[in-house]
Amino acid sequence: MPVLTITHRTEYRYASAVAPGPHRLMLRPRETRELRLLSFDLIVRPDAAVTWAHDVAGNSIATASFSGLTDTLSVESRMSVDLGAQAWPVFDIAASAQQYPFRYSDEDWTDLGALARPQYVDVAGRLSDWVEGFVMSRPTDTLSLLQDVASGVSNRIRYQSREVEGTQGPLETLDRGWGSCRDIAVLFAEAVRTLGFGARIVSGYLFDAARDLIGSAGTGSTHAWVEVFVPGAGWISFDPTNRSMGSANLIPVAAARHITQVAPVTGSFHGRPGDLLEMSVHVTVELECGEGRPLAST
């Protein structure tokens, strides 16, 4: 099982001294049976009072509160994780859910709530019509259907890194035929929700030792993918950007209903509108050997 060292640094430069408002930080990985957090450090400059809490989805949230003025602000997280996800997982799907369509139990349906409902307006049913094309028959194999939808998204949408903030809506991504990993994740999540599945957006990091995955290079190489809830198997990871299923190479940090809820660093400042000169993000994911020496990075 690989041990990875991850560094994530976000820096802001201002034209003059400003007063930073509270910043919401989602940087601590979600521990699962496939991922163990060995260490985590958070460094905020200028000094800030940092408090921790969990949000409604169980994500770790740090709030950094500042006093005084500054012309620079940096947030850096350093962590070490033990990633034990299998490259070719086998999912023990409940007999009642092996064929689609199936019905979630009353308890699951209540708890999934908005996670199983489309989040974007589609009055004409364009997305519904598009995703319906992947349902070859009723009934059909559940896992195969989900894989077909993920492949369909990958075939339809060309990956393109975007440095600007914000995310395209699913219909916008369909129309353009290109998008970032977060755009692709939103499209896939909305597509499977249209079919009645519970799904959540996940943000985190992508480990790319072979340097052959998409979305792992360049400034700000965080990554986004989707987890779909299937009874028996639980939450299954789908990364349509890389045509992959399962959690191998994925380090989850936050999971939520909407992409806007999993931004790593959000905040504000009190100053003039043009005071923000630059925001930069730098991420490294390194594989450690026995002595902790990095073998590969992305």
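Treat the numbers as computed from the prediction; the structure is a model and nothing was measured. Residue indices begin from 1 for each chain and proceed along its sequence in written order. Selection of residues for local features in this predicted model requires a pLDDT of at least 70, selection of side-chain atom pairs for listing and counting requires 80 or more, and totals for whole chains, interfaces and linings are taken over all residues. Hydrogens and water molecules were not included; the side-chain quantities draw on all heavy atoms of the structure.

Caption draft 1: Highlighting unusual backbone geometry. Of note, the bond from Tyr100 into Pro101 is cis; its omega dihedral lies within 30 degrees of zero at 5 degrees. In this structure, Pro139 follows Arg138 across a cis peptide bond, with omega equal to 5 degrees. Mapped onto the fold, Pro139 is located in the loop between helix H2 (126-132) and strand E8 (140-141). At Arg243, a position not held by glycine, the phi torsion is positive, near 55 degrees. Counting from the N terminus, the helices are the DSSP runs of H or I reaching at least four residues and the strands are the DSSP runs of E reaching at least two. As for its placement among the helices and strands, Arg243 is situated in the loop between strand E13 (234-239) and strand E14 (244-245).

Caption draft 2: How the structure looks around the pattern of salt bridges. By convention in these notes, a salt bridge is any Lys or Arg side-chain nitrogen within 4 Å of a carboxyl oxygen on Asp or Glu. Tallied over the full model, the rule gives 14 salt bridges. Between Arg138 and Glu132 there is a salt bridge whose closest N-O contact spans 2.5 Å. Whether a residue is buried, partly exposed or exposed follows from its accessible area with a 1.4 Å probe, protein chains only, as a fraction of its type maximum: under 20%, in between, or over 50%, in that order. Overall, Arg138 belongs to the partly exposed group, its relative accessible area being 47%. On the accessibility criterion, Glu132 (31% relative accessible area) is partly exposed. Linking Asp275 and Arg272 is a salt bridge whose minimum nitrogen-to-oxygen distance equals 3.1 Å. The class for Asp275 is buried, based on a relative accessible area of 2%. Looking at Arg272, the relative accessible area reads 52%, which means it is exposed.

Caption draft 3: Representation of the nonpolar core within the structure. The nonpolar core is taken to be a set of buried Ala, Val, Leu, Ile, Met, Phe, Trp, Tyr and Cys residues, with the residues joined through side-chain atoms within 4.5 Å. Grouped together as the largest cluster of nonpolar side chains are 75 residues, with contacts concentrated most on Val149, Phe188, Phe197, Tyr205 and Val228. With nine residues, helix H5 (residues 181-194) is the largest single contributor of residues to this core. Note on contacts: a residue pair qualifies if any of its non-hydrogen atoms lie within 4.5 Å across the two residues. Aside from chain neighbours lying at most four places away, what touches Val149 is Val131, Phe134, Phe188, Ala191, Val192 and Leu195. Ranked by size, the runner-up nonpolar core spans five residues in total, among them Val202, Trp225, Leu250 and Ala255.

Caption draft 4: Looking closely at H5. Look at H5: 20 Å from first C-alpha to last across 14 residues, which is about the 20 Å you get at 1.5 Å a residue. Taking burial as the measure, the 14 residues of H5 include 13 buried ones, the bulk of the element. The first or second residue beyond H5 is Gly196, which carries a positive phi of 105 degrees. To estimate the expected span of a helix, subtract one from its residue number and multiply by 1.5 Å.

Caption draft 5: Molecular detail of the packing of aromatic side chains. Here the aromatic set is Phe, Tyr and Trp, taking the six-membered ring for Trp, and pairing holds for ring centres within 6.5 Å; pairs whose planes are under 30 degrees apart are stacked, those over 60 apart are edge-to-face, and all others are tilted. Under the counting rule described, the total for this entry stands at 11 aromatic pairs. Summarising the aromatic geometry, the rings of Phe188 and Phe238 are spaced 5.5 Å apart at their centres and angled 40 degrees between planes, so their arrangement reads as tilted. A residue pair is termed long-range when its members are at least 10 positions apart, and Phe188 in helix H5 and Phe238 in strand E13 qualify at 50 residues. Take Phe188 and Phe238: they sit in the same class, and that class is buried. Taken together, the ring pairs in this structure connect Tyr100, Phe102, Tyr104, Trp109, Phe197, Phe229 and Trp235 into an aromatic cluster. Between the NZ or CZ atom of Arg200 and the centre of the ring of Trp235, over which it lies, the distance is 4.0 Å. Note on geometry: a ring has a charge over it if NZ (lysine) or CZ (arginine) is within 6 Å of the ring centre and within 35 degrees of the ring normal.

Caption draft 6: Highlighting the sheet that holds strand E5 (residues 60-65). In spatial order, the strands read E4-E5-E2-E16; together these four strands make up an open sheet with antiparallel pairing. Whereas interior strands pair on both sides, the edge strands pair on one side only; in this sheet they are strand E4 (49-54) and strand E16 (265-266). Note: E4 against E5, six bridges, orientation antiparallel. For Trp52, the partnering residue across the bridge sits in E5 and is Ala62. When DSSP finds two or more bridges between two strands, those strands count as paired.

Caption draft 7: Summary view of the packing of helix H3 (residues 142-156) against H5. Between H3 and H5, whose axes approach to 10 Å, the crossing angle comes to 145 degrees. Pair H3 / H5 crosses with right-handed handedness. Contacts from Leu146, Val149, Ala150 and Val153 of H3 reach H5 at Ile184, Leu187, Phe188, Ala191 and Val192. A class-by-class count of the residues in the contact of H3 with H5 yields nine nonpolar, no polar and no charged. All axes are obtained by fitting lines to C-alpha atoms, using only the stretch in contact for helices, and the reported angles, taken between N-to-C directions, cover 0 to 180 degrees. Should the near helix be turned anticlockwise from the far one by less than a right angle, the crossing is left-handed, and should it be turned clockwise, the crossing is right-handed. Ten residues, namely Ala, Val, Leu, Ile, Met, Phe, Trp, Tyr, Cys and Pro, are considered nonpolar, four, namely Asp, Glu, Lys and Arg, are considered charged, and the remaining ones, Gly among them, are considered polar.

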